[in-house]
Every structure is written in C-alpha cells, then in structure tokens.
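# Breakdown of the fold
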Amino acid sequence: MQGFEEYVNGTAGRLLRTAFFLTGDLHHAEDLLQIAYERTARHWRRVSRAGNPEAYTRKILTNLAIDRGRKRQRGHDQPVGAPSDVELLARVESGAASFEEAHALGDLLDGALAQLPPRQRAVVVLRYWCDLSEQEIAHTLGVTAGTVKSQASRALAALRGLVDRPTGGTP
C-alpha cells in the first residue's frame with residue numbers, strides 16, 4: 001500500500017493524542033488508534049484518492065471512542081472541583097502557575113472530560129483539540145450542526161460546573 005506507512009508516521013502522534021483525549025486512557029487510545037488504522041488500511045486506495053485520509057481515520061477513531069464510552073460501565077463519579085481548583089485555574093491563566101500547578105490543572109481537566117457523556121466529550125475534543133469547525137464535527141459524527149452546537153453547549157456547561165468555574169469565563 002503505497003503511501004500508507006508515510007501517512008501513519010505523519011499522523012500517529014496527533015491521532016494518538018486525540019484518541020487519548022477521547023478515551024482518557026493511553027492503553028485504550030492506542031488500541032482504538034490501531035483499529036482505526038486497520039480500517040483505514042482496508043480502504044486505503046479509495047481513502048487516499050478522496051484527499052483527506054486523516055479525516056477518515058479521525059471519524060473512525062471518534063466513533064470507536066463513543067461506542068466504547070457507551071458500553072463502559074460507569075463507576076462512582078467523584079467530584080472534580082474543589083475550592084482550590086478555581087485558584088489553580090486563575091494562576092494558570094495568569095501565567096503565574098508553576099509546572100506542577102499546570103500539570104495539576106491538566107489532571108483536573110482530564111477528570112472533568114472523563115465525566116462527560118461520550119458524544120459531548122467527542123464534540124469538545126474535536127472542537128478544542130482538533131480545531132474542527134461545527135460542520136466538520138457534524139460530518140465526523142454523522143449529526144447536524146445544531147446537534148454539535150447543543151452538545152458543545154451542554155458539555156461546556158458541565159465542565160464549568162465540574163471545575164467550579166464562574167460561567168462568565170471562556171472554556
């Protein structure tokens with residue numbers, strides 16, 4: 001398969017990070033990415049001719065993550081936000097945070113993302129990590145742009161609540 005190996009080498013890091021944000025677990029992310037690449041390889045001639053193989057693989061990856069999230073049994077949710085989290089957010093935003101504080105914020109946000117329903121999590125990751133437009137997200141998920149907007153709105157409201165952030169700030 002001409003070009004597939006170069007494609008994988010060029011996209012693996014980016015798609016693995018996307019998979020990690022979608023699943024919250026590196027091992028599951030690696031497994032899902034491998035399955036997505038396998039499915040892309042099966043149709044490589046058609047996919048590569050279409051001109052955007054990364055979008056095709058990302059769609060597979062996103063759907064796999066949503067399906068996995070639906071099937072996963074929910075454990076006991078633990079509250080993520082604590083009063084000190086608001087202070088932590090403010091320190092990171094102002095640039096005054098240490099490396100450790102910034103890392104703690106990453107953990108806080110990972111925990112908050114993990115509490116979102118799979119489709120909301122996918123919308124947030126595709127919008128704010130992959131920087132896709134609402135139309136591109138709608139195409140990837142097979143839904144309307146209005147659904148993307150409502151899922152994003154609900155997800156951001158939930159994330160704000162999880163990290164005790166005032167609603168007037170940006171996500």
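In what follows, the accompanying structure is described. This one's a predicted model, so the numbers in the text were calculated from it and none came from an experiment. (Residues numbered from 1 in each chain as written. Predicted model: local features only at pLDDT ≥ 70, side-chain atom pairs only at ≥ 80, totals over all residues. Heavy atoms only, no water.)

## Some thoughts on helix α9 (residues 145–162)
What counts, and what does not: A run of DSSP states H or I qualifies as a helix once it reaches four residues; a run of E qualifies as a strand once it reaches two. Both are numbered from the N-terminal end. Under the convention used throughout, the expected extent of a helix is 1.5 Å for every residue step, that is, one less than its residue count. Only protein chains enter the accessibility calculation, which uses a 1.4 Å probe; a residue whose area is less than 20% of its type maximum is buried, one above 50% is exposed, and one in between is partly exposed. Throughout, the arc means that of the directions going from the helix axis to the C-beta atoms.
Along its 18 residues, α9 runs 25 Å from first to last C-alpha, staying within 8% of the 26 Å computed at 1.5 Å per residue. Every buried residue of α9 is accounted for by Ala145, Val148, Gln151, Ala152, Ala155, Leu156, Leu159, Arg160 and Leu162. Mapping the buried residues of α9 onto a view down its axis gives an arc of 165°, with all of them on the same face.

## Regarding the nonpolar core
Heads up, the condition is: Buried Ala, Val, Leu, Ile, Met, Phe, Trp, Tyr and Cys residues form a nonpolar core when they are joined through side-chain atoms within 4.5 Å. Contacts: residue pairs with any heavy atoms within 4.5 Å of one another.
The biggest cluster of nonpolar side chains holds 28 residues, and the ones touching the most others in it are Leu61, Ile137 and Leu141. Where this core is concerned, the elements lending two or more residues are α1 (4–23), α2 (26–42), α4 (53–71), α7 (118–129), α8 (134–141) and α9. Looking at this core, the element that brings in the most residues is α2, giving six residues. Every residue in contact with Leu61, bar those within four places of it in the chain, is listed here: Leu15, Ala19, Leu22, Leu32, Leu33 and Ala36. Judged by nonpolar contacts, the second largest core, of eight residues, contains Ala112, Val124, Ala155 and Leu162.

## Some points on the packing of aromatic side chains
We count it as follows: For Phe, Tyr and Trp, rings pair up if their centres lie within 6.5 Å, where Trp contributes its six-membered ring, and each pair is then called stacked (planes under 30 degrees apart), edge-to-face (over 60) or tilted (otherwise).
Under the counting rule described, the total for this entry stands at seven aromatic pairs. Their ring planes at 90° and their centres at 6.0 Å tell us that Tyr7 and Tyr37 sit as a pair that is edge-to-face. Taken together, the residues span a long stretch of sequence, with Tyr7 in helix α1 and Tyr37 in helix α2 at a distance of 30 residues. Accessibility assignment for this pair places Tyr7 and Tyr37 in one class, buried. Aromatic rings pair up to connect Phe4, Tyr7, Tyr37 and Trp44 into one cluster.

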